[in-house]
Structure formats: structure tokens, C-alpha cells
Amino acid sequence: MSRAPTLRLDRLLASLGYGSRREMQALAKNGRITFDGAPMTDADKHVPLTRDLPDHLHLDGKPIDPPPGIALMLHKPLGTTCSHKEAGPLVYDLLPTRWRMRDPAISTIGRLDKDTSGLLLLTDDGALLHRVISPKNHVAKRYRVTLDRPLRGDEAETFGAGGLMLESETKPLLPAVMETLSPTEALLTLTEGRYHQVRRMFAAMGNHVTALHRESMGGLDLPADLEPGTFRLMTDADLAAIFA
Ligand code: URA
């Protein structure tokens, strides 16, 4: 039987951004931390890092934040940036403030442009991040594209053949699948993630992308009830769907 790893209570809470280890020791002494309802007064004690830890471990009667190994799906709204540093609204501003103090930090799995909306995954788990973005795993990303001008008619064939060379790149693109939805709308599915790839692919065909929305990653669709600007924790089934 595999046992969950454990972590000292003060270390765990400090890593989740609740405060310093010294402060966590004091909270525990004051009986403000409970495990299954019983006060945990000794913050040197270890707790198991299971996914359901918040069901057991409470601070001031409230479940603690998800332990390390967090994975989220966010409906990225237009106008937000996938950066920890830039000015202006960041995707990280959409998460609870305390989560900014987490160590390991939560990062986006790949990026979407400021002017792109849709499914964005975030995690503090480096192995998961690499598994999703590794070209070896061919996680397909499907985008709904709105164009300035009507499609010419040869885009699906050109993208599908692979080999398209984007400006200032030295390596040709892999084949991509395009489905026409209307004269100015298409679904484009990519298995790589180059800088501004969708916009540059249509620019190479003499067109201009006016709206871009990511609908899915692998077999994981953006849930219809996940409103722009909101997020939810990913379940094991969601994680499996990415690689299905
Ligand atoms: N391609 C783009 O051009 N922008 C994105 O955000 C994602 C893919």
C-alpha cells in the first residue's frame, strides 16, 4: 500500500501562504487548528498530504487551502495576462490572494495571449506541467477562431499538410487540423504551442484573427458552466482527460 507523504503542520501552512512557521506554531498552540475536529496544538506534528486534507484540517473552523499538487482549470477572460510580473490584470489576480504566497508557486501550463480567452490550466506541480506541454505527449489544443476576412478555401489543406514556415522561424509547423464553421469562423487543432501560433498561421494565409478562444486541451473541454474569470480544482478524471 502506498502511503501519502507527510509534512510538518507549520511547514505546510507556511507553504500555503498562511504566515510564518512561528505564526503557525502560535495558531496551533491557541487551538485554532483542528484535525477531524480535535485541536492540533503541536505544529511540529506531521499531516498527510492527501487531496482531501481540507476535509480534515481546519483553521478557525474553515477548511485549509488545497495542499501542494494543486491543479486548476480557469476560464481565462479577455484582457488578462499569463505572467507573474507584468502590469495590468493578471490571470493570477483571479485566484484567492493568499495563493500568491504559496511555495511552490502556482503557474500557468503554457500561456494564452492577453486577447485570447478560454481554457487555461494552472498547477504547482512541475511534473504535471511538463507532461502537458511536452511535445512528446501531443496534447492537442483546439481553438475557435474568428477572422477578419472570409477564408480562402485552401487553409485546411495547407495547415493539414504541415510544413508551413512562420515568419522568423527556422522549423516548419507540424500538421494542424482545421474545420470550417462559417466563412469567417473555424476550429483549429494544434499539437504544438509556438508564440502567437494561431494568429501567425492565419497571417501567413493573408488573414487576421479578430477573436480567439481555446475550447479544449486533449480530451478536456472548457466546462460550459465555468464562467469567464472563474476557476475550479481539477479532478483525477479531468487530469486523465487531458491525456486521453
Ligand atoms: N495561438 C495564438 O496566437 N494565441 C494564443 O493565445 C494561443 C495560440
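Please read all numbers here as calculations on a predicted model, not as lab measurements. (Residues numbered from 1 in each chain as written. Predicted model: local features only at pLDDT ≥ 70, side-chain atom pairs only at ≥ 80, totals over all residues. Heavy atoms only, no water.)

A. Inspection of the overall build of the protein at higher detail. The number of helices and strands found in the protein is seven helices and 15 strands. Dimensions of the protein, computed from C-alpha atoms along their principal axes, come out at roughly 70 × 40 × 35 Å. Within the span of the protein, comprising 244 residues, buried residues form 42% of the whole. Counting contacts in the protein only where the partners sit at least 6 residues apart, residues at least 24 apart contribute 63% of the total. Of the roughly 12,900 Å² that the protein leaves accessible, carbon and sulfur atoms contribute 54%. Averaging the positions of the 30 positive and the 31 negative side-chain charges in the protein gives two centres separated by 6 Å. (Helix = DSSP H or I, 4+ residues; strand = E, 2+ residues; numbered from the N terminus. Buried < 20%, exposed > 50% of the residue type's maximum accessible area, 1.4 Å probe, protein only. Contact = heavy atoms within 4.5 Å. Areas by Shrake-Rupley, 256 points an atom, 1.4 Å probe, with all protein chains shown as cover. Lys, Arg positive; Asp, Glu negative; His and termini not counted. Charge placed at Lys NZ, Arg CZ, Asp CG, Glu CD.)

B. Structural context of the pairing of strand β7 (residues 71-76). Summarising burial for β7: six of the six residues are buried, a large majority. With six bridges joining them, β7 and strand β9 (residues 116-123) adopt antiparallel strand pairing. Across the sheet, Leu 72 pairs through a bridge with Leu 122, a residue of β9. Taken together, the three bridges between β7 and strand β15 (residues 231-233) define a ladder with antiparallel strand orientation. By the bridge assignment, Leu 74 is partnered in β15 with Phe 231. (Pairing = 2+ DSSP bridges.)

C. Broad picture of the environment of Asp 115. Along the chain, Asp 115 falls in the loop between β8 (107-108) and β9. Taking the relative accessible area as the measure of exposure, Asp 115 reaches 52% and is therefore exposed. Apart from residues no more than four positions distant in its own chain, Asp 115 is found in contact with Leu 78, Arg 199 and Leu 212.

D. Molecular detail of helix α2 (residues 21-29). Turning to α2, its buried residues number three or more, namely Met 24, Leu 27 and Ala 28. Down the axis of α2, the buried set is contained in an arc of 100°. They therefore lie on one face. What points out from α2, more than 90 degrees from its buried face, is the exposed set Arg 22 and Lys 29. If you follow the buried residues of α2, they end up packed against α1 (9-15), β2 (33-35) and β5 (57-59). (Arc of directions from axis to C-beta.)

E. Seen up close, the pattern of salt bridges. Applying the stated rule across the entire model yields 18 salt bridges. Linking Arg 149 and Asp 148 is a salt bridge whose minimum nitrogen-to-oxygen distance equals 3.2 Å. With a relative accessible area of 43%, Asp 148 lands in the partly exposed category. For Glu 169, the salt bridge is made with Arg 194, and the minimal N-O distance between the two is 2.4 Å. Here Glu 169, found in the loop between α5 (155-161) and β11 (177-182), pairs with Arg 194, found in the loop between β12 (185-190) and α6 (197-204); they are 25 residues apart in sequence, far enough to count as distant. The class for Glu 169 is partly exposed, based on a relative accessible area of 22%. Here the residues in one salt-bridge network are Arg 8, Asp 10, Arg 21 and Asp 44, joined through shared partners. (Salt bridge = Lys/Arg side-chain N within 4 Å of Asp/Glu carboxyl O.)

F. Structural view of unusual backbone geometry. Note the cis peptide between Asp 103 and Pro 104, where omega equals 10°. Structurally, Pro 104 can be placed in the loop between β7 and β8. With phi around 60°, Ser 168 is a residue other than glycine that occupies positive phi space. Secondary-structure assignment places Ser 168 in the loop between α5 and β11. In this structure, His 196 takes a positive phi of about 50° despite not being glycine. Position of His 196 relative to the elements: it lies in the loop between β12 and α6.

G. How the structure looks around the nonpolar core. Val 145, Phe 159, Leu 188, Val 198, Met 201 and Phe 202 are the most contacted members of the largest nonpolar core, which totals 31 residues. Elements that contribute at least two residues to this core include exactly β7, β9, β10 (141-147), β12, α6 and β13 (209-217). In this structure, Phe 159 is in contact with Leu 164, Leu 174, Pro 175, Ala 176, Met 178, Leu 188, Met 201, Phe 202 and Met 205, ignoring residues within four places of it in sequence. Formed by 17 residues, the second largest nonpolar core is a distinct cluster that contains Ile 109, Leu 129, Met 217 and Leu 239. (Core = buried A, V, L, I, M, F, W, Y, C linked by side-chain atoms within 4.5 Å.)

H. How the structure looks around the sheet that holds strand β6 (residues 62-63). Strand order in this open sheet of four strands is β3-β2-β5-β6, and the pairing throughout is antiparallel. The open sheet is flanked by β3 (38-39) and β6, the only strands paired with a single partner. Relative to β6, β5 runs antiparallel, the two being bridged by two bridges. Considered in β6, the bridge of His 58 is made with Pro 63.

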